[in-house]
Number of protein chains: 2
Amino acid sequence: MNGQMMQQPLLISSLLVHAERHHGEQQVVSRRVEGDIHRISYRDLATRARRLAKALAGLGMKPGARVATLAWNGHRHLELYYAVSGSGAVLHTLNPRLHPDQVVYIADHAEDQVLFFDLTFLPIIEAVASRLKTVRTLVAMTDRAHMPAASKVSGLLCYEDLLEAQNDKFDWPVFDENTASSLCYTSGTTGNPKGVLYSHRSTVLHTYAAALPDALSLSARDVVLPVVPMFHVNAWGLPYAACMTGAKLVFPGPGLDGKSLHDLFESERVTLSAGVPTVWQGLLTYVEANKLKFSTMKRTIIGGSACPPAMMRTFTEQYGVNVLHAWGMTEMSPLGTACALKAKHEELDAQARYAVQAKQGRAIYGVDMKIADPNGNELPWDGTATGELMVRGPWIMSEYLKGEGGSPLVDGWFPTGDVASIDADGFMQITDRSKDVIKSGGEWIGSIDLENIAMAHPKVAMAACIAAFHPKWDERPLLVVVKKPGVELSREELLAFFEGRIAKWWTPDDVVFVDAIPLGATGKMLKNRLREQFRGHKLPTA
Amino acid sequence: MNGQMMQQPLLISSLLVHAERHHGEQQVVSRRVEGDIHRISYRDLATRARRLAKALAGLGMKPGARVATLAWNGHRHLELYYAVSGSGAVLHTLNPRLHPDQVVYIADHAEDQVLFFDLTFLPIIEAVASRLKTVRTLVAMTDRAHMPAASKVSGLLCYEDLLEAQNDKFDWPVFDENTASSLCYTSGTTGNPKGVLYSHRSTVLHTYAAALPDALSLSARDVVLPVVPMFHVNAWGLPYAACMTGAKLVFPGPGLDGKSLHDLFESERVTLSAGVPTVWQGLLTYVEANKLKFSTMKRTIIGGSACPPAMMRTFTEQYGVNVLHAWGMTEMSPLGTACALKAKHEELDAQARYAVQAKQGRAIYGVDMKIADPNGNELPWDGTATGELMVRGPWIMSEYLKGEGGSPLVDGWFPTGDVASIDADGFMQITDRSKDVIKSGGEWIGSIDLENIAMAHPKVAMAACIAAFHPKWDERPLLVVVKKPGVELSREELLAFFEGRIAKWWTPDDVVFVDAIPLGATGKMLKNRLREQFRGHKLPTA
């Protein structure tokens, strides 16, 4: 026997309609590539999205057609989010930090038909345009006045012209909620990138969960600045959650340096931001150097990679900004866990509380997780046992686009490739990526713990820990370190810093200082590159 | 083209599983009919729910079977919420405040097979047992020691015995999310009560929306005491939202008087409560008389009927408790709107802010609303135009059980029977029930405004405004008033109080003082009874 409730599909367009009707005056502020600060209300943005949807139809985009973007966080990108998915096509957010060869591979693989790009990325477009097999139309996301005077690419369309040619009469179509809505490729460290195809249902459910008080906690009184790019897993869902809750959105465009961000935080009275640790490092360095404060920012959500505990303390103690650690994956839409404290943690002293906050946190309702040993046996939630983290839920991928990589699921669970523990309170902590774990004499050493200790040293700007070959132990930890500018730091001083902070046999066998650690397109340290670079490294202990 | 996300049905059992895994130690505290304060963890409660699900199967309950309850808010009722729906049967929460004839009608109409009841309600059971056509099994929600020694009803089963006979091995079944989960009858003022049949999908979606920061805003750090009964529209979804978020639950059982509630608020450190204005009036009277405070309670959600502005001010100014006005209906699961302020309202002075808070608020994402004139034309959102409020959304009913009352929807919208305005910010305000509106010379007078003014008079305990016959104007307002104990109040003094507070022609034509105003089973004033009682009333203006 079925319930007798209305049957209404969960559709992305309804998020924008809600914002338009209930938060019509709320603002979306964008620092644009043209250099200005642009303001638009949700009401006007919704009108533009409808015009854009009509323009897409005019370009021949049918339901299911892939429409690609190469764009920063900005209002036009947001209009594309809603116009493309809302009209039944699939929004494919390309990552402009990828090598042009990869852009070509991904756009071809996705069979993108139209590509919208920010002017910043014209060089990429010029490099790839002639090689793209399926893209028929290129649209520069700007107005007539800013269109490139001369370009190697012919027939560029102008975004604002497309909108101007349309009127506002458009009703969002209604269709099955399992319809594909958007597409994001994982920049896998091995093999070709693989596509994750989200649905309207998965996106709306993820948005509900992400906006909950113990996750992003978004309200109509929040001003949210997503530093996390809209080309990276839908900016962790913030473009959707802001419409669901009526929060003001502030888009930084290409200005992700400390000064640009801090200026925007202050001028727009941002209450909440979200991004990866590397960006925050730049921001904190700038704020510290200029003796600034955050006058309205209360919370920041840090994910992508683990937040160094030292950064968490700085945010909390020096700037009164609460850090919420979160964890997810492209394959997970992306949110899986958030580290909101429980009532009992509020009685802990600062040190103990930081130890909890350093974990990746509890599963948001909708996500189910477990850890398993190599034979697939579930391990206990005791905070000690570590195993591969497996997840399932309605916004977690079942397979990659076109079945690339085969069937990833194991008994209905998606293996994340992360190694983690889960404590009795359900707080998960990632100890490593399974491929980054250092296997020393049959025992595992988690590289992240070692990196966190190194990063807590006042003279260290960035640190990566990788496995180096050892004739007796197979692998031993090698620390790769970028020093802060202008400081002196010796191998011995840094290694001494580990004493008392970790089991003695976990102490790295060696330190190498480098000018920079290679970062991937989403800001993560590329440890496979480092392992390659230091393949021949001879440990002093060998 | 469909997305490639996991297909997982939204099932109520997953809420309890989530609480068990992530909030296993969190407590559910109940003041029980046996007189004790009972504590159980979500982990143990989940175990008991599984045993109960097995016991239900043992009683022959198949998917779709209706299992009824006549019970207060308490842990056993919560166990039934999850065990019944989780195992695929339908939880039918009977309202014990109904007349026994209505209980019989409803239980027969629903074809309930098993009825669980709190000991308090043994007299009702004894009155109706022999008349129930489909109920085969009666279960007293208590342990062996407290089973009634002698009863007119034979073959009573004991709840704790049922659980003890089972073991813990049970996996919640997986089925279609549109499956019926629970059933609640509206106590309509005309005709027989009609059943609203919720589904797993509608319940889970409603729970997500209800827990959002601008709705109930539930986190794992909250301690929530639902005063709103679990037999009334699932206690506004709190039993589900608490499991989704890991909030501590405190159940008051039958003790809804001011002292019992205040004691429990203080001893259990309640942060959040929810209920109808009449209960809060009792609580405030007690707290005021005894010069008490609320030391942990921060927020209360008031719905069911409009919160008198005077009550809102008292909570806010004297006790530091923020009042969130909410609105919904049995047909809406029930939440439709919540009156969370926007950023711009925070700059208003207290008086202007109360005026916003007095509205029923903005639609929670998922609910779509509009107001329409008698011809069905949509009216503007200008805060002035009033029309019938229409709603739609995935947790709003499409038809009543067994098609009673025909097809209620109009072009896919459910007509609420409320008359309301909506302002440019999307804040809805109910001005009346369409059947309670006073039609004076072709113009409408909203009875709720008049009642609010009367209730703001320091000598008035309760006030209802109804239409009385007038030979010239057809209808004119008549105020029915209950004075506070021991005060003197004249008709003239009260009518003078309206001067300057309302348009002159809205002023009531007469006042009658009564000892009590009849309340319905859910605490609402029964104005149809009053209209009957004062049908022959001769207005002095006539």
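That block above? That's the structure.
Residues numbered from 1 in each chain as written. Chains lettered and ligands numbered in written order. Predicted model: local features only at pLDDT ≥ 70, side-chain atom pairs only at ≥ 80, totals over all residues. Heavy atoms only, no water.

## Some details on the relation of the copies chain A and chain B
Piece 1. Relative to chain B, chain A is turned by 180° and slid 0.0 Å along the rotation axis, the superposed coordinates differing by an RMSD of 0.1 Å. The superposition of one copy onto the other is thereby described by a two-fold rotation axis. (Least-squares fit on C-alpha atoms with pLDDT ≥ 70 in both.)

## Observations concerning the packing of aromatic side chains
All names here are of chain A.
Piece 1. All chains considered together, the criterion is met by 25 aromatic pairs over all chains.
Piece 2. Between the aromatic rings of tyrosine 82 and tyrosine 240, the centroid separation amounts to 6.0 Å while the plane-to-plane angle is 80°, which identifies the pairing as edge-to-face. You can see tyrosine 82 sitting in helix 3 (residues 75-86) and its partner tyrosine 240 sitting in helix 8 (residues 238-245), a full 158 residues away along the chain.
Piece 3. For tyrosine 240, a relative accessible area of 1% translates into the label buried. (Phe/Tyr/Trp six-rings, centres within 6.5 Å; stacked < 30°, edge-to-face > 60°. Helix = DSSP H or I, 4+ residues; strand = E, 2+ residues; numbered from the N terminus. Buried < 20%, exposed > 50% of the residue type's maximum accessible area, 1.4 Å probe, protein only.)

## A word on the interface of chain A and chain B
Piece 1. If you look at the interface, chain A gives 83 residues, while chain B gives 83 residues.
Piece 2. For the chain A and chain B pair, buried surface summed over both sides reaches about 6300 Å², with 53% attributable to carbon and sulfur atoms.
Piece 3. By the criterion of area lost to chain B, the three top residues of chain A are A:Gln4, A:Met6 and A:Tyr365, representing 15% of everything that side buries.
Piece 4. The interface formed by chain A and chain B contains 12 salt bridges.
Piece 5. A salt bridge links A:Arg21 to B:Glu378, with the nearest nitrogen and oxygen atoms 3.4 Å apart.
Piece 6. For the pair chain A and chain B, the number of links is 44 residue pairs in polar contact (both at pLDDT 80 or more).
Piece 7. Of all the secondary-structure elements, those providing two or more residues to the side of chain A that touches chain B are helix 1 (13-22), strand 9 (194-199), helix 7 (200-211), helix 8, strand 16 (362-363), strand 17 (368-372) and strand 18 (387-392) of chain A.
Piece 8. Of the residues forming the side of chain A that touches chain B, the biggest block, seven residues, is contributed by helix 7 of chain A.
Piece 9. Class assignment of the residues belonging to the side of chain A that touches chain B gives a composition of 41 nonpolar, 23 polar and 19 charged. (Contact = heavy atoms within 4.5 Å. Buried area = accessible area lost by both parts, 1.4 Å probe. Salt bridge = Lys/Arg side-chain N within 4 Å of Asp/Glu carboxyl O. Polar contact = N/O pair within 3.5 Å; in protein donor to acceptor, adjacent residues only side chain to side chain. Nonpolar A, V, L, I, M, F, W, Y, C, P; charged D, E, K, R; others polar.)

## Notes on the side chain of B:Ser13
Piece 1. Along the polypeptide, B:Ser13 turns up in helix 1 (residues 13-22).
Piece 2. Taking the relative accessible area as the measure of exposure, B:Ser13 reaches 7% and is therefore buried.

## Some words on the pattern of salt bridges
Residues and elements named next belong to chain A.
Piece 1. Tallied over the entire structure, the rule returns 69 salt bridges over all chains.
Piece 2. Two residues, arginine 39 and glutamate 268, come together in a salt bridge whose shortest N-O distance is 2.5 Å. Of this pair, arginine 39 sits in strand 2 (residues 37-41) while glutamate 268 is found in the loop between helix 9 (258-267) and strand 12 (272-275), placing the two residues 229 residues apart along the sequence.
Piece 3. The exposure class assigned to glutamate 268 is buried, which follows from its relative accessible area of 5%.

## Focus on helix 1 of chain A
Piece 1. Most of helix 1 of chain A is tucked away: seven of the 10 residues are buried.
Piece 2. Inspection of helix 1 of chain A places A:Ser13, A:Leu15, A:Leu16, A:His18, A:Ala19, A:Glu20 and A:His22 among the buried residues, and these make up the whole buried set.
Piece 3. Packing partners of the buried residues in helix 1 of chain A comprise helix 2 (42-58), helix 3, helix 7 and helix 8 of chain A together with strand 16 (362-363) and strand 17 (368-372) of chain B.

## Looking at the nonpolar core
Piece 1. A:Phe116 and B:Phe116 are the most contacted members of the largest nonpolar core, which totals 248 residues.
Piece 2. Residues in contact with B:Phe116, not counting those within four places in the same chain, are B:Leu52, B:Leu56, B:Val67, B:Ala68, B:Thr69, B:Leu70, B:Leu80, B:Val139, B:Met141, B:Tyr159 and B:Leu162. (Core = buried A, V, L, I, M, F, W, Y, C linked by side-chain atoms within 4.5 Å.)

## Quick word on the sheet that holds strand 11 (residues 248-251) of chain B
Residue and element names in this part refer to chain B.
Piece 1. With mixed pairing, nine strands are arranged side by side in an open sheet as 2-1-11-10-12-13-14-15-16. The open sheet is flanked by strand 2 (37-41) and strand 16, the only strands paired with a single partner.
Piece 2. With two bridges joining them, strand 15 (residues 335-338) and strand 16 adopt antiparallel strand pairing. Note that in strand 16 the partner of alanine 338 across the bridge is arginine 362. (Pairing = 2+ DSSP bridges.)

## A closer look at the packing of helix 1 of chain A against helix 2 of chain A
Any two packed helices are characterised by the angle at which their axes cross and by the distance between the axes.
Residue and element names in this part refer to chain A.
Piece 1. Where helix 1 meets helix 2, the closest approach of the two axes is 8 Å, and the angle between their N-to-C directions is 140°. One element, helix 1, and the other, helix 2, form an angle in the oblique class. As helix 1 runs across helix 2, the sense of the crossing is left-handed. Of the residues in helix 2, those in contact with Leu16, Ala19 and Glu20 of helix 1 are Tyr42, Arg43, Leu45, Ala46, Ala49 and Arg50.
Piece 2. Grouping the amino acids of the contact of helix 1 with helix 2 by side-chain chemistry returns six nonpolar, no polar and three charged. (Axes fitted to C-alpha atoms, helices over the stretch in contact; angles between N-to-C directions. Parallel < 35°, antiparallel > 145°, perpendicular 65-115°, else oblique. Left-handed = near helix turned anticlockwise from the far one by under 90°.)

## Some points on the sheet that holds strand 6 (residues 137-140) of chain A
All names here are of chain A.
Piece 1. Taken in spatial order, the seven strands of this open sheet run 7-6-5-3-4-8-9, and their pairing is mixed. Single-partner strands in this sheet number two, and they are strand 7 (157-158) and strand 9.
Piece 2. Inspection of the sheet shows strand 3 (residues 66-70) paired to strand 4 (residues 90-93) by four bridges, in the parallel sense. Within strand 4, the position partnered with alanine 68 by the bridge is histidine 92.
Piece 3. The strands that helix 4 (residues 100-110) touches are strand 3, strand 4, strand 5 (112-117) and strand 8 (180-186); relative to strand 8, the one it contacts most, it runs at about 150°.

## Concerning the pairing of strand 17 of chain A
Residues and elements named next belong to chain A.
Piece 1. Most of strand 17 is tucked away, with five of its five residues classed as buried.
Piece 2. Burial along strand 17 is two-sided: the residues Asp368, Lys370 and Ala372 and Met369 and Ile371 are all buried.
Piece 3. As judged from the five bridges shared by strand 17 and strand 18, these two strands associate in the antiparallel manner. Each bridged residue has a counterpart across the sheet, and for isoleucine 371 the counterpart in strand 18 is leucine 389.

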